[in-house]
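# Structural characterization, general
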Amino acid sequence: MALVAAASVLAAGLVATGISGCADMSGITPQATLRDAPSLGLASAAKTPEPLAADWWLAFGDEPLNGLMAQALASSPSLKLAQARLARAQAVTEVADAATRPQLNGQLDLTRQRYSANGAVPPPLAGSIRDSGTAQLSASWELDFFGKNRAALDAALGSVHAAEADAQAARVLLASQVARSYFQLVRLNEQALVARRTLAQREETLKLVQDRVRAGLDTRLELRQSEGGLPEARLQLEAVQEQMVLTRNALGALVGKPNSALAQTPSALEAIKTVAMVPAIPADLLGRRADIAAARWRVEASLKDVANAKTQFYPNINLVAFAGFSSIGLGRLLDAGSQQWGVGPALRLPIFDAGRLRANLRGKTADLDAAVESYNAAVIDAVRDVADQVASSQAITRQQTEQRATQEAAEGAYEIAVQRYKAGLGNYLNVLTAETSVLNQRRLAVDLAARALDTQVALMRALGGGYTPTSTSTSTSTAVSQSL
């Protein structure tokens with residue numbers, strides 16, 4: 001304790017007298033600043049929407065989707081990769097934490113040596129061959145007066161928190177990819193139903209045209225036009241089925257079970273529930289997204305790296321001690337007279353390093369600026385992402401209203417055209433024109449309904465996908481903002 005007190009007095013004296021070698025850290029400061037909510041147009045609202053649940057996909061009420069999601073979250077390589085990165089960051093933290101604690105090492109050296117007859121060793125050792133041995137314990141403890149080790153530990157902890165947030169971000173991304181791919185499969189399944197309905201409809205029309213040709217009411221022109229519609233319908237059906245196979249393959253890859261996980265038929269579009277969407281960007285968006293939390297933790301880690309680089313300019317004080325046995329001649333190694341020990345402080349002070357410390361500090365400061373700008377880019381992109389999805393969701397709702405009215409009119413026009421053709425009051429060209437409009441509207445209805453679901457998933461991901469920040473993350477955001 002007396003040695004520790006003496007080392008403390010020495011360190012305080014060095015700082016008080018301004019002795020820190022010839023190294024100088026002046027003029028090296030970070031230039032970037034964090035963007036806050038008001039600067040992004042996120043004004044506080046009287047009532048903030050509730051955060052999403054971690055299992056937000058359950059709100060769609062679709063069992064096949066729930067099953068796919070469970071498989072993906074249990075076996076996806078991307079999630080396991082994120083967990084491995086987290087484990088590595090935690091190991092680095094343990095290494096940094098070990099540097100703040102005392103160290104104890106054991107040593108055992110056994111040597112058979114011939115001593116030089118012309119060296120500094122006097123007779124009778126000179127020119128002789130002897131055995132020598134050393135067995136001792138050595139201890140050291142770096143007295144972290146200037147916070148170097150603590151800053152390194154804090155930087156490592158920041159990296160751990162960033163890795164944790166990255167793991168959550170990977171989960172959110174995977175869940176959204178599975179949901180969007182599944183809804184794409186639902187869309188294609190509905191388009192296949194439309195194509196089959198079109199094929200059946202054209203087969204019925206062909207029979208009508210054939211009857212009229214046999215009755216002498218139509219020519220072979222109308223017959224050939226009607227016959228050409230069947231291969232076209234089958235072609236469209238084959239194209240949709242090809243896309244369905246590719247989408248199933250993509251889903252299989254996402255859940256980690258290709259070619260075996262998607263035997264079930266997707267649900268019908270009308271059976272999937274819609275989810276209420278937020279009308280505007282929530283004010284607490286920056287705290288809801290895991291990718292933003294990860295970027296913020298990287299800023300915190302970089303800030304501590306800068307603090308660690310600054311402590312390199314100050315003295316390094318260690319308390320060292322050793323105790324053990326040492327002798328020439330192994331037979332006397334454990335004799336009382338072979339005992340040796342020592343204890344005392346060791347001080348290292350940078351005096352001239354050719355600019356190495358300043359270069360290191362500049363590099364860490366540049367890393368901090370890069371981390372801050374990466375955070376700013378992440379929050380700007382997050383606000384844009386949410387704004388895009390909110391706008392698309394509202395626009396799709398309006399488009400669906402207009403499309404339903406258009407389809408209703410097209411279906412009525414088609415029925416009239418067919419009835420007039422049967423009665424001999426209209427030609428087959430009118431039927432083809434009306435049919436083309438109906439088919440386009442049926443496909444558009446499916447696409448808009450599927451796009452509405454896809455936009456809901458994209459908005460859920462943009463809103464954080466159920467990520468819940470820890471209290472440490474929230475407090476860190478304030479602390480980092482004040483430090484920059």
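Here's a quick rundown of the structure. All values reported here derive from a predicted model rather than from experimental measurement. (Residues numbered from 1 in each chain as written. Predicted model: local features only at pLDDT ≥ 70, side-chain atom pairs only at ≥ 80, totals over all residues. Heavy atoms only, no water.)

What follows concerns the overall build of the chain. When helices and strands are counted, the chain shows nine helices and four strands. What you see in the chain, going N to C, is helices and strands ordered as α-α-α-β-β-α-α-α-β-β-α-α-α. Sorting the 484 residues of the chain into buried and exposed places 40% on the buried side. Counting contacts in the chain only where the partners sit at least 6 residues apart, residues at least 24 apart contribute 84% of the total. Approximately 25,500 Å² of the chain is accessible, and the part contributed by carbon and sulfur atoms is 56%. (Helix = DSSP H or I, 4+ residues; strand = E, 2+ residues; numbered from the N terminus. Buried < 20%, exposed > 50% of the residue type's maximum accessible area, 1.4 Å probe, protein only. Contact = heavy atoms within 4.5 Å. Areas by Shrake-Rupley, 256 points an atom, 1.4 Å probe, with all protein chains shown as cover.)

A word on the pattern of salt bridges. Tallied over the entire structure, the rule returns 13 salt bridges. Between Arg 289 and Asp 385 there is a salt bridge, with the nearest N and O atoms lying 3.8 Å from each other. One end of the pair, Arg 289, is in the loop between α5 (220-255) and α6 (290-311); the other, Asp 385, is in helix α7 (residues 356-422), with 96 residues separating them in the sequence. In this structure, Arg 289 and Asp 385 share a single accessibility class: buried. One network of salt bridges, with partners in common, ties together Arg 289, Asp 291, Asp 385 and Arg 461. (Salt bridge = Lys/Arg side-chain N within 4 Å of Asp/Glu carboxyl O.)

Contact pair helix α2 (residues 63-75) / helix α4 (residues 148-214): the axes reach a minimum separation of 10 Å and the direction vectors enclose 145°. Helix-helix and strand crossings are classified by hand; for α2 and α4 the assignment is right-handed. Side by side, α2 and α4 meet where Pro 64, Leu 65, Leu 68, Met 69, Ala 72 and Leu 73 of the first sit next to Arg 171, Leu 174, Ala 175, Val 178, Ala 179, Tyr 182 and Phe 183 of the second. For the contact of α2 with α4, the class distribution of residues is 12 nonpolar, no polar and one charged. (Axes fitted to C-alpha atoms, helices over the stretch in contact; angles between N-to-C directions. Left-handed = near helix turned anticlockwise from the far one by under 90°. Nonpolar A, V, L, I, M, F, W, Y, C, P; charged D, E, K, R; others polar.)

Of all hydrophobic cores here, the largest spans 36 residues; its most connected members are Trp 56, Phe 60, Leu 65, Val 178 and Phe 183. Within the residue set of this core, elements represented by two or more residues are α2, α3 (77-98), α4, α5 and α8 (428-462). Counting residues per element, this core draws most heavily on α4, which supplies 14 residues. Phe 60 has contacts with Leu 65, Phe 183, Ile 272, Lys 273, Val 275, Leu 453, Gln 456, Val 457 and Met 460, leaving out every residue within four places of it along the chain. Among the nonpolar cores identified, the runner-up in size contains 29 residues, and Ala 32, Ala 295, Leu 459 and Ala 462 belong to it. (Core = buried A, V, L, I, M, F, W, Y, C linked by side-chain atoms within 4.5 Å.)

Here we come to the packing of aromatic side chains. Throughout the structure, instances matching the rule amount to four aromatic pairs. Geometrically, the ring pair formed by Trp 56 and Trp 57 is edge-to-face, given 5.5 Å between the ring centres and 80° between the ring planes. Each member of the pair, Trp 56 together with Trp 57, is buried. Centroid distance Phe 146 to Tyr 314: 5.0 Å. Interplanar angle 15°. Geometry classified as stacked. Residue Phe 146 is located in the loop between β2 (129-143) and α4, and its partner Tyr 314 is located in the loop between α6 and β3 (316-328); the two are separated by 168 residues in the primary sequence. (Phe/Tyr/Trp six-rings, centres within 6.5 Å; stacked < 30°, edge-to-face > 60°.)

Locating Val 446 in the fold gives a position in helix α8. Accessibility expressed as a relative area gives 8% for Val 446, which makes it buried. Spatially, the C-alpha atom of Val 446 lies 9.4 Å from that of Val 186, the residues being 260 residues apart in sequence. In this structure Val 446 touches Arg 187, Glu 190, Gln 191, Val 194 and Leu 269, once residues within four positions along its chain are discounted.

Before going further, it helps to examine the sheet that holds strand β1 (residues 103-114). Sheet strands pair via backbone hydrogen bonds, and the direction of the pair is either parallel or antiparallel. Taken together, the four strands give an open sheet; going across it, the order is β1-β2-β3-β4, and neighbouring strands pair in antiparallel fashion. Strands at the two margins of the open sheet, each flanked by one partner only, are β1 and β4 (339-348). Direction aside, neighbouring strands of the sheet carry axes that sit 20° apart on average. Where β3 and β4 come together, 10 bridges link them in antiparallel fashion. In the sheet register, Phe 322 faces β4, and the bridge partner there is Gly 342. (Pairing = 2+ DSSP bridges.)

For the bond from Pro 123 to Pro 124, the omega torsion is 5°, close enough to zero to count as cis. Along the chain, the position of Pro 124 falls in the loop between β1 and β2. Unlike most non-glycine residues, Ala 354 shows phi in positive territory, near 60°. Here Ala 354 lies in the loop between β4 and α7. For Ala 354, a relative accessible area of 65% translates into the label exposed.

Glancing now at a nonpolar patch on the surface. There is a patch of nonpolar side chains on the surface, built from Leu 108, Leu 110 and Leu 330 and spanning about 310 Å² of accessible area. Tracing the backbone through its elements, the reader meets Leu 108 in strand β1. What makes Leu 108 exposed here is its relative accessible area of 59%. (Patch = residues over 30% accessible without salt bridge, like charges linked within 9 Å, V, L, I, M, F, W, Y side chains within 5 Å.)

Before going further, it helps to spend a moment on the side chain of Gln 400. Within the secondary structure layout, Gln 400 lies in helix α7. For Gln 400, a relative accessible area of 19% corresponds to the buried category. Discounting residues that sit within four places of it in the chain, Gln 400 has contacts with Leu 448, Ala 449 and Ala 452.

Interpretation in functional terms is not warranted from these geometric data alone.
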